Amino acid sequence: MGKKSRVKTQKSGSGSTSAGTPKEMMNLISELLQKCSSPSPSPGKEWEEYVQIRSLVEKIRKKQKGFSVTFKGSREDFFPELLAWALENSASTEGFEISYFPEEGFGLKATKQIKAEELFLWVPRKMLMTVESAKNSVLGPLYSQDRILQAMGNITLAFHLLCERADPNSFWLPYIKTLPNEYDTPLYFEEEEVQYLQSTQAIQDVFSQYKNTARQYAYFYKVIQTHPNASKLPLKDSFTYDDYRWAVSSVMTRQNQIPTEDGNRVTLALIPLWDMCNHTNGLITTGYNLEDDRCECVALQDYKADEQIYIFYGTRSNAEFVIHNGFFFDNNSHDRVKIKLGVSKSERLYAMKAEVLARAGIPSSSIFALHCSEPPISAQLLAFLRVFCMSEDELREYLVGAHVVDKVFTLGNAEFPISWENEIKLWTFLETRAALLLKTYKTTTEEDKSLLEKPDLSFHSKVAIKLRLAEKEILEKVVACGKAKREYFQKQLEEGVPLPKYEESNISLIENSGSESKLPIILRKLEGEEIGEEELKMTEVLSDMNTNGDVHVNGNSKQFNGTSAEDEKILNVEENAQTTEVKGTAEEVIMCNKQHS
């Protein structure tokens, strides 16, 4: 966001402590690791755990004050060097310049007219920092031994960034020096600023993000101090929590997937220069040219000289933007709140409802979304609610008889209700559910708007309140929509209006009244699954710790932490660790993971 860099300081000394002994620091690290590796707290105790972890982290940060590696001068001082480096390595540098914008911070500004869909920016592979370049760097020996690095490309990139930042001869230094010195993700929020996120749907992810980052730091602190393959890393004498937080945030706000050189797989990458572009609504306009082996970006729209050049980061909600990117986007046409719904297994009609849902490709329990757009529910959620509210007779019509397969394809189509009674039930249910969710917030919409008018409100506090307000406004819209729909269908029932009929031969092409595809519902991905794929939070990766919080490295029988080889345990990496990475294809670079520059 254009913050100033601090004076470069790199002090030596085991454990990077400015107060206390290495042993005292290691004891604090062990305590933090043990605390962060404990089972999840019981409902209602999450804040208490967060405060306890934060207290330990602040103790560590206090001891490490002044030991992080930073660069002398302001961030913008290094932009000319970045552009010169880009030009030297065959990247595009004409038609734009790096400029400061009051709302978004630094970004790209057109210096000439650029037409929509015109190729204006390309960055060759050799300039990118990738998991592959990390393997071939000083980090390689440790990577070959550590299961966390092997399983989680984002953590590998974070350490790649730290190692290269500490190397005065690094090829990527012109890029690294232009990265923000701090970020606006919740990892940088003060405790009172996080308080504003209480009751929001983002708060649990904020807790997890903080806990996972602290645990990963404690784990790798021990690894760096004890593992033979870490002895040559430039982090041995300077690896602070602030260093790791910075690296994690740099990757979290900027990582993307690109194809590997053979085009058969995807790998995580940081893309210099291009990641200066800020976000706006639109379409993905960045791809990867395998023939020329470079990332390419075409203009999202026409730009005149002196206008800011934007790109589209992806269909992310504001909760995702706040958690993973560090900003709130006021005009987010893809904003939404999540809602978890399921058919109770104790319900008498459970088996019938589950079967109908299965035929439609919908699980009996899932996370859906309520949208800020019209209609506020997707075809998938409409189909689920219709089945959820079906009577026994209605369920039979979708299980036995002629054309039952065809009828399934109309479940998500708003134009063809099952019955007026069913529509009344589902909209009544949705109205009630949204109203109940609204009651979980501790402030009203009016109170939030009033808070936002306070002149002394911090940027982070403002972001948190905006998110809280946006969630409530979506829920209020759903309540109003549910009420209007309920009353409309009640009137249809009372007036005896006949149900709309459909042409059975055309069922597979029936289009929902919203912006849904013309594909049958069963052929479309569930929205809940898409939300899960988009999330880029730092996941839990350390689930097998011994009682002392000692860390043992996979595949190495040597004693590192005072325990015998027989007592060593292998770190158990969760199978879903890769969900922290962006989903993409060999043809696309999906930009849904970058902070405003």
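Calculation notes
Residues numbered from 1 in each chain as written. Predicted model: local features only at pLDDT ≥ 70, side-chain atom pairs only at ≥ 80, totals over all residues. Heavy atoms only, no water. UniProt positions renumbered as here; feature names shortened; annotations may be inferred. Phe/Tyr/Trp six-rings, centres within 6.5 Å; stacked < 30°, edge-to-face > 60°. Helix = DSSP H or I, 4+ residues; strand = E, 2+ residues; numbered from the N terminus. Buried < 20%, exposed > 50% of the residue type's maximum accessible area, 1.4 Å probe, protein only. Pairing = 2+ DSSP bridges. Contact = heavy atoms within 4.5 Å.

- Per an unreviewed UniProt entry, the protein chain is named protein-histidine N-methyltransferase, and its organism is Polypterus senegalus.
- Here the protein chain is described in UniProt, under the heading Catalytic activity (unreviewed entry), as follows: "L-histidyl-[protein] + S-adenosyl-L-methionine = N(tele)-methyl-L-histidyl-[protein] + S-adenosyl-L-homocysteine + H(+)".

1. Considerations on the packing of aromatic side chains
Then, number 1: For the coordinates displayed, the defined rule picks out 27 aromatic pairs.
Then, number 2: Considering the side-chain rings of F159 and Y244, the 5.6 Å spacing of their centres and the 40° angle between planes classify their relative orientation as tilted. Placement of F159 in helix α7 (residues 153-165) and of Y244 in helix α11 (residues 241-254) is noted, with a sequence separation of 85 residues between them. Residue F159 shares its accessibility class with Y244, and that shared class is buried.
Then, number 3: Residues F239 and Y244 carry aromatic rings whose centres are separated by 6.1 Å and whose planes lie at 80° to one another, so their mutual orientation is edge-to-face.

2. A few points about the pairing of strand β1 (residues 96-101)
Then, number 1: Pairing geometry for β1 and strand β2 (residues 105-110), over six bridges, is antiparallel. Bridge pairing links S99 to G107 in β2.
Then, number 2: Counting the residues in the hairpin turn of β1 and β2 gives three residues.

3. Some thoughts on the environment of L283
Then, number 1: By secondary structure assignment, the location of L283 is in the loop between β7 (278-279) and β8 (286-289).
Then, number 2: The exposure class assigned to L283 is exposed, which follows from its relative accessible area of 63%.
Then, number 3: Spatially, the C-alpha atom of L283 lies 7.9 Å from that of I311, the residues being 28 residues apart in sequence.
Then, number 4: With residues near it in sequence (within four places) discarded, L283 still touches L300 and F312.

4. Describing unusual backbone geometry
Then, number 1: For the peptide bond that leads from E374 to P375, omega is -10°, which places it in the cis range.
Then, number 2: Assignment of secondary structure puts P375 in the loop between β12 (365-371) and α14 (379-388).
Then, number 3: A positive phi is found at S90, a non-glycine position, where the angle reads about 70°.
Then, number 4: Position of S90 among the secondary structure elements: in the loop between α3 (79-88) and β1.
Then, number 5: The exposure class of S90 is partly exposed, given its relative accessible area of 49%.
Then, number 6: Its identity is not glycine, yet L273 carries a phi of approximately 70°, on the positive side.
Then, number 7: Of note, L273 is situated in the loop between β6 (266-270) and β7.

5. With respect to the sheet that holds strand β4 (residues 129-130)
Then, number 1: Sheet architecture is open: three strands sit in the order β4-β6-β5, paired in antiparallel fashion. With one partner strand each, in any of the chains shown, β4 and β5 (256-259) form the two edges of the open sheet.
Then, number 2: Both β5 and β6 contribute to a ladder of four bridges, which runs antiparallel. When the sheet's bridge partners are listed, N256 is paired in β6 with A269.

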